[in-house]
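Remarks on the overall topology
Here are the chains, one letter per residue:
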Amino acid sequence: MRAIDAGILICGECHELNRQDPETDEQTCTRCGALVHARRPNSLMRTWALLLTSAILYIPANLLPIMTVNSLGQGSPSTIMAGVIELVQHGMIPIAAVVFIASILVPTFKLVGIALLLFSVQRHQPLSARQRIIMYRFIEFIGRWSMLDIFVIAILVAVVNFGRIASIEANLGAVAFASVVVITMLAAVTFDPRLIWDNTESDDDHE
Amino acid sequence: MPDPVDPRRVSELPLDELVACHECDLLMRKPHLALGEKAQCPRCGYELYAHRYKVVERSLALVIAALLLYVPANFLPIMQLNLLGQASQDTVWSGVLGLFNTGMQGIAVVVFLCSMGIPLLKLLCQLAVLLSIRWNIGRSYGLLIYRIYHHLRDWGMLEVYLMGVLVAIVKLADLAELNLGLGLVCFVSLLLVQVWLEVVMSPHQIWQALSGEDIHAGD
C-alpha cells in the first residue's frame, strides 16, 4: 500500500512521515519545517520544460567549438567530437572512450532517457516500473559525470598558458554544454520518482 | 526487510511505528535495526535508513580532516608543465581564474561552485550540524542547515574533477614535460575522506538527533 493512500505524506527533505491535513494546501513537515507534498507539484510539466530547454542547448553544445588551442599565432578551434577523435588518433583509446562516454553518450542518453521516463509515466507504457526505476537511478547517478569536459577545459586553460607559444581558451560551445549538464541535472531533481510507481497496479504487489 | 503494512489496520498504527519509502511511497511497518544494519525498500530497493555506530564522533573527525585538506587541495599545484624552458602550474583555483580572465565568467562560476564552493559549503554545513548535536545548541538552525546540505549534495563534484585531472594529464603527457604536485595528493585524500564521511554520516540518525526525538541517536 502506498503512503498516500493511508493519508500519510513523506517529507521530501528529512523523510519524516506526516499525517495529511485536509484543511490546508501548504503543509509543513513537523520535524524539519519543509513544505510537504504528496507528489512534487507539476513535476512532469517542469521536467518536460527543463528537458526541452536542454535539448535545444544540446545542438550548439555539440556544433560550436568548446575550446581553441592557440599555438605560435595559429588558433585551432575544436568541438567535443573533434577532441575525442584527436585522442583516438594519438592512440589514447581508453581516455578517448571515457571522454566519449562522459561528453557524448551520457548527455544523449539522459535526454532520451528522461523523455522516455516522462512518456512512460504519462502513458503507463512502454516500460515496467522496475525498468523505469533502474533508468531513473542511472540518470540520477550519471548526470554529474558529464561535467568532465568542462573541468578538463578549466585545467587546460590554467596549465597551458605560455603566451604566444601555446595557450588554450574556452569558447561558447562550452557554455552551452555546461548549461545542458546543469539543466538535465535539474530535470532529474524535479522528476518525482514516486510517480513511477503510481498507476502500476500490477507492480503494486511487491512480491 | 521491513514488512509491508496490512492495509486494514494501517490508520490505527501511530506514525512512529511506520516508515515509507521516499522513492516509491510504499508504506511499511518500521523494522528495528541493530548496530551496523540497514533497511531497504522491498519494492524498489532504496536504502530506507541505516543504524551506524558512533555517527557523530566519527563524522566530526572526518569533517575536520576534510576541512584541513581543503586548503592544500585547492591551492597547492596539482601539476606543473614545462615547455621550452617555461613552467606553468595548475591549481583548482587557477583553473577558475584562468576561465574568468579569458572572458568565460559563466563557466568559471560553474567550475568554482562544483569543485570548490559547494564542497566547502557542504563540509561547513556538516560541521555546523554535528556541533549543534554534540553541544546541544541551536537545533532549529541545525535542521535548517541540514536541509540546505541535502540540497547541495548532488552539486559537489570532486570525483568528476579528479577524472578531469586524469584526462588532462593524459592529454598533456605527450606534448610537454609534466610533473605532478602535492596538490593532487591532497585532492585525492580530500575526495576519499569526503566519500567516507557521506557513508558514515547516516541521515536518519542525524535527523533524529537534531529534532530531539532521540538525542542519543548519533552515539
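Residues numbered from 1 in each chain as written. Chains lettered and ligands numbered in written order. Predicted model: local features only at pLDDT ≥ 70, side-chain atom pairs only at ≥ 80, totals over all residues.

Observations concerning the nonpolar core
By size, the foremost hydrophobic cluster in this structure holds 120 residues, and its most contacted members are Ile150(A), Ile153(A), Ala154(A), Ala174(A), Phe177(A), Ile107(B) and Val111(B). Ala174(A) has contacts with Ile66(A), Met67(A), Ile150(A), Ile153(A), Met104(B) and Ile107(B), leaving out every residue within four places of it along the chain. (Core = buried A, V, L, I, M, F, W, Y, C linked by C-beta atoms within 7 Å. Buried ≥ 20, exposed ≤ 12 C-beta atoms within 10 Å, placed from the backbone. Contact = placed C-beta atoms within 7 Å.)

Points about the domain arrangement of chain A
Once the domains are mapped, chain A shows domain 1 (1-38) and domain 2 (42-205). Using only C-alpha atoms to locate each centre, domain 1 of chain A and domain 2 of chain A end up separated by 34 Å. (Domains from an automatic or database assignment.)

So, the interface of chain A and chain B
On the side of chain B, 54 residues touch chain A, which itself brings 52 residues to the contact. Taken together, the elements giving at least two residues each to the side of chain A that touches chain B come down to β1 (8-10), β2 (17-19), α3 (93-123), α5 (148-159), β7 (166-170), α6 (172-190) and α7 (194-197) of chain A. Considering only residue class, the side of chain A that touches chain B consists of 40 nonpolar, five polar and seven charged. (Helix = DSSP H or I, 4+ residues; strand = E, 2+ residues; numbered from the N terminus. Nonpolar A, V, L, I, M, F, W, Y, C, P; charged D, E, K, R; others polar.)

Structural notes on the environment of Ile206(B)
Residues and elements named next belong to chain B. By the element assignment, isoleucine 206 lies in helix α7 (residues 203-211). Judged by the 24 C-beta atoms lying within 10 Å of it, isoleucine 206 is buried. Spatially, the C-alpha atoms of isoleucine 206 and leucine 143 are 9.4 Å apart, while their sequence positions differ by 63 residues.

What to know about the packing of α6(A) against helix α3 (residues 105-135) of chain B
Two numbers describe how α6(A) lies on α3(B): the axes approach to 9 Å, and their chain directions differ by 40°. Relative to α3(B), the element α6(A) lies oblique. Here α6(A) runs over α3(B); the crossing is left-handed. Touching Ala174(A), Val175(A), Ala178(A) and Val182(A) of α6(A) are Gly106(B), Ile107(B) and Val110(B), all from α3(B). (Axes fitted to C-alpha atoms, helices over the stretch in contact; angles between N-to-C directions. Parallel < 35°, antiparallel > 145°, perpendicular 65-115°, else oblique. Left-handed = near helix turned anticlockwise from the far one by under 90°.)

A look at the sheet that holds strand β6 (residues 74-78) of chain A
All names here are of chain A. Spatially, the three strands line up as an open sheet ordered β6-β5-β7, and their pairing is antiparallel. Whereas interior strands pair on both sides, the edge strands pair on one side only; in this sheet they are β6 and β7. Each strand of the sheet is rotated relative to its neighbour by a mean of 20°, with strand direction disregarded. The pairing of strand β5 (residues 67-71) with β6 spans five bridges and is classified as antiparallel. Bridging from a neighbouring strand, threonine 68 pairs with proline 77 of β6. (Pairing = 2+ DSSP bridges.)

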